[in-house]
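Read off the chains here:
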Amino acid sequence: MKTLLAAICAAALFISGCGENPQEAPTEVREAVQVRNTITIQINGKEFTATLENKRSARAFAERLPLEVDATELNGNEKYFYLDDDLPTDAVRINQIHAGDLMLYESNCVVLFYRDFTTSYSYTRLGKLDNPAGLASTVGDGNVHIKFEE
């Protein structure tokens, strides 16, 4: 009887070990890794590239591209706009903002910062411009039209 039970257990282990390769990631994981993390941002005829974070919020933002928005000026250091739908968040207290930071405030307010400053607010980091040189002069003092593309 013990021999039969041992044989059944061994067969069950052998059968359950067959099938998917445990080394191979599930399809959704492979697809997430293959998502392009560089986007293009066009403002007043000038093109900037940005690298998105490897996180759910940034991937959810990228899924909405291409996107054209009218961004509102605020505080002489940022342009912001609201999305129709919420994005996933993982907000943290940033402390230091840098020109070129692309952040999410709350769950649907996308902010592009064009000057460095300190802050006590919490944001979800979406990405950062690869080279923000000239960003402040490009966005100007008022509201601005921005186009985001993959």
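Residues numbered from 1 in each chain as written. Predicted model: local features only at pLDDT ≥ 70, side-chain atom pairs only at ≥ 80, totals over all residues. Heavy atoms only, no water.

**Student:** How would you summarise the overall build of the protein if you had to cite specific residues and measurements?
**Tutor:** Across its full length, the protein carries 4 helices and 11 strands. The buried share among the 150 residues of the protein stands at 35%. Once local pairs closer than 6 in sequence are excluded, the contacts in the protein between residues at least 24 apart make up 62%. With the model as given, the accessible surface of the protein reaches about 9200 Å², and the carbon-plus-sulfur share is 50%. (Helix = DSSP H or I, 4+ residues; strand = E, 2+ residues; numbered from the N terminus. Buried < 20%, exposed > 50% of the residue type's maximum accessible area, 1.4 Å probe, protein only. Contact = heavy atoms within 4.5 Å. Areas by Shrake-Rupley, 256 points an atom, 1.4 Å probe, with all protein chains shown as cover.)

**Student:** For the pattern of salt bridges, give the residues involved together with the corresponding values.
**Tutor:** Taken as a whole and assessed by the stated rule, the structure comprises 5 salt bridges. Between Lys-79 and Glu-73 there is a salt bridge, with its nearest N and O atoms 2.5 Å apart. Of the two residues examined, Lys-79 and Glu-73, each falls in the buried class. In this structure, Lys-128 engages Asp-101 in a salt bridge whose closest nitrogen and oxygen atoms are separated by 3.2 Å. (Salt bridge = Lys/Arg side-chain N within 4 Å of Asp/Glu carboxyl O.)

**Student:** Could you give an account of the nonpolar core, naming the residues involved and the relevant values?
**Tutor:** Ranked by size, the top nonpolar core spans 29 residues in total, and within it Ile-39, Ile-43, Phe-61, Phe-81, Leu-102, Ile-146 and Phe-148 carry the most contacts. With 4 residues, the single largest contributor to this core is helix α3 (residues 56-62). Setting aside anything within four residues of it in sequence, one finds Phe-81 in contact with Phe-61, Leu-67, Val-69, Asp-70, Ala-71, Asn-108, Cys-109, Val-110 and Phe-148. Within the second largest apolar cluster, 9 residues are counted, among which are Tyr-80, Ile-94, Val-111 and Phe-117. (Core = buried A, V, L, I, M, F, W, Y, C linked by side-chain atoms within 4.5 Å.)

**Student:** Before we move on, could you go through the side chain of Glu-78 and cite the residues and values that matter?
**Tutor:** For Glu-78, the location among the structural elements is in strand β4 (residues 78-82). Within the buried core, Glu-78 has no salt-bridge partner, and the shortest N-O distance to an opposite charge, that of Lys-79, equals 10 Å. Ignoring anything within four residues of it in the chain, the contact list for Glu-78 reads Thr-72, Glu-73, Val-111, Leu-112, Phe-113 and Tyr-114. (Lys, Arg positive; Asp, Glu negative; His and termini not counted.)

**Student:** Tell me about the environment of Gly-127, residues and numbers included.
**Tutor:** Its location among the elements puts Gly-127 in strand β10 (residues 122-129). Overall, the relative accessible area of 0% leaves Gly-127 in the buried class. On a C-alpha basis, the gap between Gly-127 and Asn-54 in space is 8.8 Å, while along the polypeptide they are 73 residues apart. Once you skip the residues sitting within four places of it in the chain, Gly-127 turns out to touch Thr-51, Leu-52, Glu-53, Gly-100, Asp-101 and Leu-102.

**Student:** I'd like a rundown of the layout of surface pockets, residues and numbers included.
**Tutor:** Empty space within the largest pocket amounts to approximately 180 Å³. Every residue along the wall of the largest pocket is listed here: Leu-74, Asn-75, Glu-78, Tyr-80, Tyr-82, Tyr-105, Cys-109, Val-111, Phe-117, Thr-119, Tyr-121 and Tyr-123. Of all the elements in the fold, those that place two or more residues in the lining of the largest pocket are β4 and β8 (109-113). Taken together, the residues that form the lining of the largest pocket break down as 9 nonpolar, 2 polar and 1 charged. (1 Å grid on protein atoms, 1.4 Å probe; cavity = no way out; pocket = protein on both sides within 12 Å on 5 of 7 lines; lining within 4 Å. Points joined across faces, edges and corners; volume = space filled by probe spheres on them. Nonpolar A, V, L, I, M, F, W, Y, C, P; charged D, E, K, R; others polar.)

**Student:** How would you explain the environment of Asn-54 if you had to name every residue and give the values?
**Tutor:** When you line up the elements, Asn-54 lands in the loop between β2 (46-52) and α3. With 17 residues separating them along the chain, Asn-54 and Asn-37 place their C-alpha atoms 7.4 Å apart.

**Student:** I'd like to hear about the confidence of the model for the protein, residue by residue, with values.
**Tutor:** For the protein, per-residue confidence averages 85 on the pLDDT scale, and residues scoring 70 or more make up 76% of the total. The low-confidence segment residues 7-25 (pLDDT under 50) makes 2 contacts with residues lying over four places distant or belonging to another chain. Counted against residues more than four places away or in other chains, residues 27-34, with its pLDDT under 50, gives 3 contacts. (pLDDT = per-residue confidence, 0-100.)

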